[in-house]
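As a plain string of letters, each chain reads:
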Amino acid sequence: MIMLEMPWPPRELSPNARVHWAVRSRKAKAYRAACYLVTRAECLTVGEGALSMSLVFVPPTRRGRDDDNLIASFKAGRDGIAQALGIDDSRIRLEKPQISDQTTPGGRVFVTLREVPA
């Protein structure tokens, strides 16, 4: 089991954000790199099978959030994690995400990866 603490995705990555594609692209690239670096710092390796990914979103404020928008906002982070592990992100099976009732300054995303038995 692998547990990681990722930064909160930038608001520009939300599907509801009305931003220019170039701005979204820069933010996605930066967020992917940040998640890549967090994962690489852990010096992790995984097996050949599928991985189950669970996400716990701890938002920066109490404003209501939609779980499907949070998943979409985290796409670049998922790609960064997969890149750091040296796997194709199609091997990752996403579980239903949880949105915490607690808040934390800046927000956080807690990621748990487990190998799926064959």
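As the structure is a prediction and not an experimental result, all values here were calculated from the model. (Residues numbered from 1 in each chain as written. Predicted model: local features only at pLDDT ≥ 70, side-chain atom pairs only at ≥ 80, totals over all residues. Heavy atoms only, no water.)

Colleague: Can you help me understand the pattern of salt bridges in this one?
Modeller: Opposite charge on two side chains permits pairing when their charged atoms draw close. Inspection of every chain in the model, using the stated rule, returns four salt bridges. Between arginine 108 and glutamate 5 there is a salt bridge whose closest N-O contact spans 3.0 Å. Of the two residues, arginine 108 is situated in strand 5 (residues 108–115) and glutamate 5 in strand 1 (residues 2–7); the sequence distance between them amounts to 103 residues. The residue lysine 75 makes a salt bridge to aspartate 89 at a minimum N-O spacing of 3.1 Å. In this pair, lysine 75 is assigned in helix 3 (residues 75–85) and aspartate 89 in the loop between helix 3 and strand 3 (92–94), connecting sequence segments 14 residues apart. Overall, lysine 75 belongs to the partly exposed group, its relative accessible area being 40%. (Salt bridge = Lys/Arg side-chain N within 4 Å of Asp/Glu carboxyl O. Helix = DSSP H or I, 4+ residues; strand = E, 2+ residues; numbered from the N terminus. Buried < 20%, exposed > 50% of the residue type's maximum accessible area, 1.4 Å probe, protein only.)

Colleague: Please explain the packing of aromatic side chains as it appears in this structure.
Modeller: Aromatic ring pairs: the centre-centre distance and the angle between the two ring planes describe each pair. Applying the stated criterion to the full structure yields three aromatic pairs. Between tryptophan 8 and phenylalanine 57, the aromatic rings sit 6.0 Å apart at their centres with planes inclined by 85°, giving edge-to-face as the arrangement. Taken together, the positions of tryptophan 8 in the loop between strand 1 and helix 1 (21–41) and phenylalanine 57 in strand 2 (residues 51–58) put the pair 49 residues apart, joining distant regions of the chain. With a relative accessible area of 0%, phenylalanine 57 lands in the buried category. By the ring-pair criterion, three or more aromatic residues cluster together here, those being Trp8, Tyr31, Phe57 and Phe74. (Phe/Tyr/Trp six-rings, centres within 6.5 Å; stacked < 30°, edge-to-face > 60°.)

Colleague: Explain the side chain of serine 14 here, please?
Modeller: With respect to the secondary-structure elements, serine 14 resides in the loop between strand 1 and helix 1. Since its relative accessible area comes to 16%, serine 14 is described here as buried.

Colleague: How do you make sense of helix 1 when you look at a structure like this?
Modeller: Residue pairs three or four apart in sequence face the same way in an α-helix, which turns once every 3.6 residues. The first and last C-alpha atoms of helix 1 sit 30 Å apart over 21 residues, in line with the 30 Å expected at 1.5 Å per residue. Here helix 1 has its buried residues at Ala22, Tyr31, Cys35 and Thr39. At its buried positions, helix 1 is contacted by strand 1, helix 2 (67–73), helix 3 and strand 5. Downstream of helix 1 by a residue or two, cysteine 43 has a phi angle that is positive, lying close to 50°. (Expected span 1.5 Å × (residues − 1). Contact = heavy atoms within 4.5 Å.)

Colleague: Hey, could you run me through the environment of arginine 40 in this one?
Modeller: Tracing the sequence through the fold places arginine 40 in helix 1. It is 5.6 Å that separates the C-alpha atoms of arginine 40 and alanine 84, two residues lying 44 residues apart in sequence.

Colleague: Is there a simple way to explain the nonpolar core in this structure?
Modeller: If you look at soluble globular proteins, the nonpolar side chains tend to sit buried side by side. Residues Met6, Tyr31, Met53, Phe74, Ile81, Val109 and Val111 are the most contacted members of the largest nonpolar core, which totals 23 residues. For methionine 53, the contacting residues outside a window of four places in its chain are Phe74, Arg78, Ile81, Ile92, Arg93, Leu94, Glu95, Val111, Thr112 and Leu113. (Core = buried A, V, L, I, M, F, W, Y, C linked by side-chain atoms within 4.5 Å.)

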